[in-house]
Amino acid sequence: MRKRNDAKRNVLIDLTSLLDVVFIVLLVVVCQLQNTKQNNDQAVLEANEAQESAEAAKRMYEDQADSLGNISDYIIFISINSHYEANLTTRHINLLCSDKEITIPEISDLKGTEVEGYTELRSFIQGYAAENSSRTIVLSLNENDEKILYRDEKAIKNIFNDLCAAYSNVKQKD
């Protein structure tokens, strides 16, 4: 019986390997949390920069339309600004017109493959071109801007081409 008690007392458990594994796992978890936090901060910064860039582009287009003055008696400039949000599924179309007497409609946001916004854009320009057949209407798009998706640029250009073919007073800025 005494030998058994001595054997139990002499048992030595080595926890060094277990502690090494625990510290390695802890280190990996801490590093992963740090990377996640940095990625979230970067995503927020990119979203804010995209919003600021879109607002700056809209202000620039508004300034251009404001600087046209009395030329709008003969020529109307309609500028389309299209940009996307950070999630890439929500896209916006903004219209700017040099004719201050017209009420510019709010174009529906584009989500996924919806075409309602394109239809609203086309119908507004068609109606405006028909009502103002004595004035030249120049259409421009914020092309070559990295804040417009290719599919939106292509769809809006197709609308412009169709309207230029249908109405002699509608021109597209190259």
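These numbers come from a predicted model, not from an experiment.

K.L.:
What am I meant to see in the overall build of the protein here?
P.N.:
When its secondary structure is counted, the protein shows 4 helices and 5 strands. In sequence order, the protein lays out its α and β elements as α-α-β-β-β-α-β-α-β. Each of the 174 residues in the protein was classed as buried or not, and the buried ones make up 30%. When contacts within the protein are restricted to residue pairs at least 6 apart in sequence, long-range pairs at least 24 apart make up 55% of them. For the protein, the computed accessible surface area is about 12000 Å², with 53% contributed by carbon and sulfur atoms.

K.L.:
Got a minute to help me understand the sheet that holds strand β4 (residues 136–141) in this structure?
P.N.:
Strands pair in a sheet through their backbones, by hydrogen bonds, and they do so in one of two ways: parallel or antiparallel. Taking strand neighbours across the sheet as the criterion, the 5 strands line up as β3-β2-β1-β4-β5 in an open arrangement whose pairing is mixed. Unpaired on one side and paired on the other, β3 (110–111) and β5 (170–172) mark the two borders of the sheet. Pairing of strand β1 (residues 75–84) with β4 involves 6 bridges; the strand directions are parallel. Counted as the bridge partner of Ile78 is Leu139 from β4.

K.L.:
Help me understand the pattern of salt bridges in this model?
P.N.:
Oppositely charged side chains can form a pair if their charged atoms are brought close together. Counting across every chain of the model gives 3 salt bridges. A salt bridge links Asp41 to Lys37, with the shortest nitrogen-to-oxygen separation between them at 3.3 Å. Linking Asp41 with Lys37, this pair stays in helix α2 (residues 16–66), spanning 4 residues, or about one helical turn. For Lys37, a relative accessible area of 48% gives the class partly exposed. Between Asp162 and Arg122 there is a salt bridge whose closest N-O contact spans 3.3 Å. One end of the pair, Asp162, is in helix α4 (residues 150–166); the other, Arg122, is in helix α3 (residues 116–131), with 40 residues separating them in the sequence. Taking the relative accessible area as the measure of exposure, Asp162 reaches 41% and is therefore partly exposed. A relative accessible area of 26% means that Arg122 is categorised as partly exposed.

Here is what the cut-offs are and how they apply
- Residues numbered from 1 in each chain as written.
- Predicted model: local features only at pLDDT ≥ 70, side-chain atom pairs only at ≥ 80, totals over all residues.
- Heavy atoms only, no water.
- Helix = DSSP H or I, 4+ residues; strand = E, 2+ residues; numbered from the N terminus.
- Buried < 20%, exposed > 50% of the residue type's maximum accessible area, 1.4 Å probe, protein only.
- Contact = heavy atoms within 4.5 Å.
- Areas by Shrake-Rupley, 256 points an atom, 1.4 Å probe, with all protein chains shown as cover.
- Pairing = 2+ DSSP bridges.
- Salt bridge = Lys/Arg side-chain N within 4 Å of Asp/Glu carboxyl O.

Geometry only, nothing functional implied.
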